[in-house]
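# Per-entry structural report
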Amino acid sequence: MNIGEIARRAGVSRSTVSYALSGKRPVATSTRRRIQDVINELGYRPNATARALKEGRTRTIGLVIPPAGNRLTHMQLDFVASVVDAAARVDLDVLLSPSGGEHERSFERLVSENRVDGVILMEIRLEDPRAGRLQEAGLPFVGIGHTAGDHQMSWIDVDYAGLVQHCVRHLADLGHRRVALVTRSPELISAGYGPAHRAREGFEAAVAERGLEGVEVPCGDDARSGQECAEALLRSHPDVTAVTTINEAALPGIQRALADAGLEVPYDFSITGVAARTWAEDFRPPLTAADVPALEMGEKAVSLLVERIAAPDTPPRHILLTPPISLRSSTAAVPTGGPAGSHRAAR
């Protein structure tokens, strides 16, 4: 039984139940009595770690996000929404703080001015100074993603290497021999962005394992970049018949470039990758993809952080998720009638 069920039965909002339990804000006596009657009826007992959080200084956690000017992807927005919702369920507020470039002072204020009881980090690099700064400050934190030397931090992440490897194997099983990985921007890759480097590892491993020809294509996180990258790929590697990607924001542009080239997905060209489920299902045709459980990841990140705040001396926990590949309509057997280049020429 949870706060949402108590709120529904008492006919009040979830936040009102939280305030009645915590005393953080005044609640009318009649309303408090009605809530207490429901609690007694259901036998509800607050979670032990949630009770421990009530002794914190701020009852606020920080969520460190990419700069807003970069336009968050669907997956990133799902992370943010799930963190905010999960925090509300244990009566915590969330302070959003961008980091990177000119926003470093914002991150430093978050760490040094006692604004929050703990922090969730997004978009983690293999070598990420933010993790070191939080460890130095003794501030509990959890990563959505992880660094290369992750022994001292708790994190939850997706197995990008394994999932991209499975995507390439799927394409190989369909007969594709020349495939491309559309990854993230050159700037993110050079900065050590973890998912991009792990995706490359999985791609290279699968290409070698199946004896394929593979090419990696760095790409910015927007539709225009996706279109430009796909157009360049078709020009420079006319025999490529399939793409796997971890860049969901580039997908509409990739699709546009293929359509402009007279290629129909999946009959002339296959696309697969790792993406948020909403994005994959809205793609036309629906995308064969490993659906990143962004909502679940945000919830688990809050749960891990609650544990770290309540018991900071407990060993760090690591959660690596490997969602299954959802077979939809964007992949098919390699085109017949010769290599993709000659097939295009015949269209």
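Just above, that's the structure.
Described below are features of the structure shown in this document. (Residues numbered from 1 in each chain as written. Predicted model: local features only at pLDDT ≥ 70, side-chain atom pairs only at ≥ 80, totals over all residues. Heavy atoms only, no water.)

You can see Leu110 is positioned in helix α6 (residues 104–112). Judged by relative accessible area, which is 2%, Leu110 ranks as buried. (Helix = DSSP H or I, 4+ residues; strand = E, 2+ residues; numbered from the N terminus. Buried < 20%, exposed > 50% of the residue type's maximum accessible area, 1.4 Å probe, protein only.)

Another aspect to go through is the pattern of salt bridges. Evaluated as defined, the whole model comprises 22 salt bridges. Linking Asp91 and Arg59 is a salt bridge whose minimum nitrogen-to-oxygen distance equals 2.5 Å. Residue Asp91 is located in the loop between α5 (74–89) and β2 (93–98), and its partner Arg59 is located in the loop between α4 (48–53) and β1 (60–65); the two are separated by 32 residues in the primary sequence. Both residues of the pair, Asp91 and Arg59, count as buried. Taking the shortest distance from any N to any O, the salt bridge between Glu281 and Arg328 comes out at 4.0 Å. Taken together, the residues Glu281 in helix α13 (residues 277–282) and Arg328 in the loop between β12 (325–326) and α15 (340–346) connect sequence positions 47 residues apart. A cluster of three or more residues bridged by salt bridges with shared partners is formed by Arg14, Asp85, Arg89 and Glu299. (Salt bridge = Lys/Arg side-chain N within 4 Å of Asp/Glu carboxyl O.)

The subject of this paragraph is the packing of helix α11 (residues 223–236) against helix α12 (residues 251–260). At a minimum axis distance of 6 Å, the contact between α11 and α12 shows a crossing angle of 45°. One finds that α11 runs oblique with respect to α12. Where α11 crosses over α12, the two elements pack in a sense that is right-handed. For the pair α11 and α12, the contacting residues are Ala223, Gly226, Gln227, Ala230, Glu231 and Leu234 in the first and Pro252, Gly253, Ile254, Arg256, Ala257, Leu258 and Asp260 in the second. Taken together, the residues of the contact of α11 with α12 break down into seven nonpolar, three polar and three charged. (Axes fitted to C-alpha atoms, helices over the stretch in contact; angles between N-to-C directions. Parallel < 35°, antiparallel > 145°, perpendicular 65-115°, else oblique. Left-handed = near helix turned anticlockwise from the far one by under 90°. Contact = heavy atoms within 4.5 Å. Nonpolar A, V, L, I, M, F, W, Y, C, P; charged D, E, K, R; others polar.)

Let us now look at the sheet that holds strand β4 (residues 141–144). Strand order across the open sheet formed by six strands is β2-β1-β3-β4-β5-β11, with parallel pairing between neighbours. Strand pairing shows two members of the sheet lacking a second neighbour, β2 and β11 (318–321), which therefore form its edges. Direction aside, neighbouring strands of the sheet carry axes that sit 15° apart on average. As paired strands, strand β3 (residues 118–121) and β4 are joined by three bridges and run parallel to one another. Opposite Val119, over in β4, you have Phe141 as the bridge partner. Contacting β1, β2, β3 and β4, α5 runs over the sheet at an angle of about 175° to β1. Contacting β1, β3 and β4, helix α7 (residues 129–137) runs over the sheet at an angle of about 170° to β3. (Pairing = 2+ DSSP bridges.)

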